[in-house]
Amino acid sequence: MDEKFRENGTLYPNYVAPGIKWGMSIDLNSCIGCGACVMGCQAENNISVVGKTHVLLAHEMHWLRIDRYFSGKPDQPDSIQTVFQPMLCQHCDNAPCENVCPVSATNHSSEGLNQMAYNRCIGTKYCANNCPYKVRHFNWMDWNGADCFDDNLYEDGRRDDLNDDLTRMVLNPDVTVRSRGVMEKCSFCVQRLQDAKLTAKKLGRPMKDGEARTACQQSCPTDAIVFGNVNDKESAIYKLRTQQQRERTFYVLEQIHTLPNVNYLAKVRNTEVIVGGDAKLDDMMNLHI
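Conventions and cut-offs
- Residues numbered from 1 in each chain as written.
- Predicted model: local features only at pLDDT ≥ 70, side-chain atom pairs only at ≥ 80, totals over all residues.
- Heavy atoms only, no water.
- Buried < 20%, exposed > 50% of the residue type's maximum accessible area, 1.4 Å probe, protein only.
- Helix = DSSP H or I, 4+ residues; strand = E, 2+ residues; numbered from the N terminus.
- Pairing = 2+ DSSP bridges.
- Salt bridge = Lys/Arg side-chain N within 4 Å of Asp/Glu carboxyl O.
- Phe/Tyr/Trp six-rings, centres within 6.5 Å; stacked < 30°, edge-to-face > 60°.
- Lys NZ or Arg CZ within 6 Å of the ring centre and 35° of its normal.
- Arc of directions from axis to C-beta.
- Contact = heavy atoms within 4.5 Å.
- Core = buried A, V, L, I, M, F, W, Y, C linked by side-chain atoms within 4.5 Å.
- Axes fitted to C-alpha atoms, helices over the stretch in contact; angles between N-to-C directions.

Visitor: Mind showing me how you'd approach the pairing of strand 3 (residues 81-87) here?
Guide: Regular strands have side chains that alternate between both faces of the sheet. A large share of strand 3 lies buried, amounting to five of its seven residues. Pairing analysis gives seven bridges linking strand 2 (residues 65-71) to strand 3, with the strands arranged antiparallel. Counterpart to Tyr69 in the pairing with strand 3 is Val83.

Visitor: Explanation requested: the pattern of salt bridges in the structure shown.
Guide: The tally for this structure, following the rule as stated, stands at nine salt bridges. Note that Arg205 and Glu211 form a salt bridge whose closest N and O atoms lie 2.7 Å from each other. Assessed through its relative accessible area of 27%, Arg205 is described here as partly exposed. Note that Lys239 and Glu234 form a salt bridge whose closest N and O atoms lie 3.8 Å from each other. Take Lys239: its relative accessible area is 27%, and that puts it in the partly exposed class. Residues joined by salt bridges that share partners form a network here, namely Arg6, Lys21 and Asp93.

Visitor: When you look at the packing of aromatic side chains in this model, what are you seeing that I'm missing?
Guide: The geometry of an aromatic ring pair is captured by two quantities: the separation of the ring centres and the angle between the planes. The final tally for this structure, using the stated rule, is four aromatic pairs. Members of the aromatic cluster, joined through ring pairs, are Trp22, Phe188 and Phe227. The ring of Phe138 has Lys125 lying over it, and the distance from NZ or CZ to the ring centre is 4.2 Å.

Visitor: Help me understand unusual backbone geometry in this model?
Guide: Among all residues except glycine, the phi angle is most often negative; among peptide bonds, the trans geometry is most common. A positive phi angle, near 55°, is found at Asn46, a position not held by glycine. For Asn46, the position within the fold is in the loop between helix 2 (36-44) and helix 3 (51-56). Looking at Asn46, the relative accessible area reads 5%, which means it is buried. Notably, Leu259 is not glycine yet its phi reads approximately 55°, a positive angle.

Visitor: Whenever I open this one, helix 9 (residues 236-244) confuses me. Can you help?
Guide: An α-helical turn contains 3.6 residues, so any two residues separated by three or four positions project in the same direction. Taken residue by residue, helix 9 has Ile237, Leu240 and Arg241 as its buried positions. Along the axis of helix 9, the buried residues cluster in a sector spanning 85°; they form a single face. The inward-facing, buried residues of helix 9 abut strand 1 (22-27), strand 8 (225-229), strand 9 (249-250) and strand 10 (262-265).

Visitor: Mind showing me how you'd approach the environment of Gly19 here?
Guide: Considering the arrangement of structural elements, one finds Gly19 in the loop between helix 1 (5-8) and strand 1. As for Gly19 and Arg241, which are separated by 222 residues in sequence, their C-alpha atoms are 18 Å apart. Beyond its immediate chain neighbours, meaning those up to four positions away, Gly19 contacts Asn229 and Asn231.

Visitor: So what exactly am I meant to see when it comes to the nonpolar core here?
Guide: General note: in soluble globular proteins, nonpolar side chains tend to be found buried as a group. Counting residues in hydrophobic clusters, the biggest one holds 44 residues, and the most contacted among them are Met24, Ile26, Leu88, Phe188 and Tyr264. Every element with two or more residues in this core is listed here: strand 1, helix 2, strand 3, helix 5 (126-130), helix 7 (190-202), strand 8 and strand 10. With sequence-adjacent residues up to four places away left out, Ile26 is seen in contact with Pro86, Leu88, Ala224, Ile225, Val262, Asn263, Tyr264 and Leu265.

Visitor: Which parts of the structure should I look at to understand the sheet that holds strand 1?
Guide: Backbone-to-backbone hydrogen bonds pair the strands of a sheet. The strands run either parallel or antiparallel. The four strands are arranged 8-1-10-9 in an open sheet whose pairing can be described as mixed. Taken across any chain shown, the strands that pair with only one partner, and hence form the sheet edges, are strand 8 and strand 9. Relative to strand 8, strand 1 is paired through five bridges, and the arrangement is antiparallel. By the bridge assignment for strand 8, Met24 is matched with Phe227. Strand contacts of helix 9: strand 1, strand 8, strand 9 and strand 10, with the helix running at about 60° to strand 1, the strand carrying the most contacts.

The following block contains the structure:
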């Protein structure tokens, strides 16, 4: 970022997080697009499985998706190069979604988290429309029986097992089960962050780097995801951003001044031929512009 870009690029006052400030770094060199992070996030956060029919209706519920960018010539498969980019809520410090929520259901914490208060959300979808990253999802239906009560059975018989205690044990008890009519998105696994802080507090010491791990970070087989407190100068993510991989660090759509707390490390290819962006070698160049 340019000097003073954070302060001068907005009309809003600059808020400096005094204590913990959570951040995430994703290495595009290491990401292989396997989808383990997507499944880990889904299992950890009680995200509904909506099925193919509703995905075709744009009702998908994944909090984390993997975008794919291609370069090369479609008629020459050996020339195709692919970049996988996991895309989740960027937890922006100047989040466009927060300004438009009429009931303040989405707000910013002192630790840099873009939070969702589900019991305040009235489902206007203003936040989803205002999100440039399109990482918010509306809960169209009662997938997990969140609206169910004891002995309240559905007439179609398809969801009666959701009232069964054994069936509901598949859900993570540390995470709320959302009802229909609310927006959902990545929370940086806030339940895990709170657990790590409370554990350190009970031991009478500050929380150490690496004790708070998100589900996507834990499930990544290539360790492409690094998460931690960016205010801690001894943390892995601070060293990654400011020292070790400073030249490769970038933020998605940083020119619109959303100030994301998720950064990416640029993809580097060990080749003498640059395919992406070359009009002669890359027939798909204009598709990404």
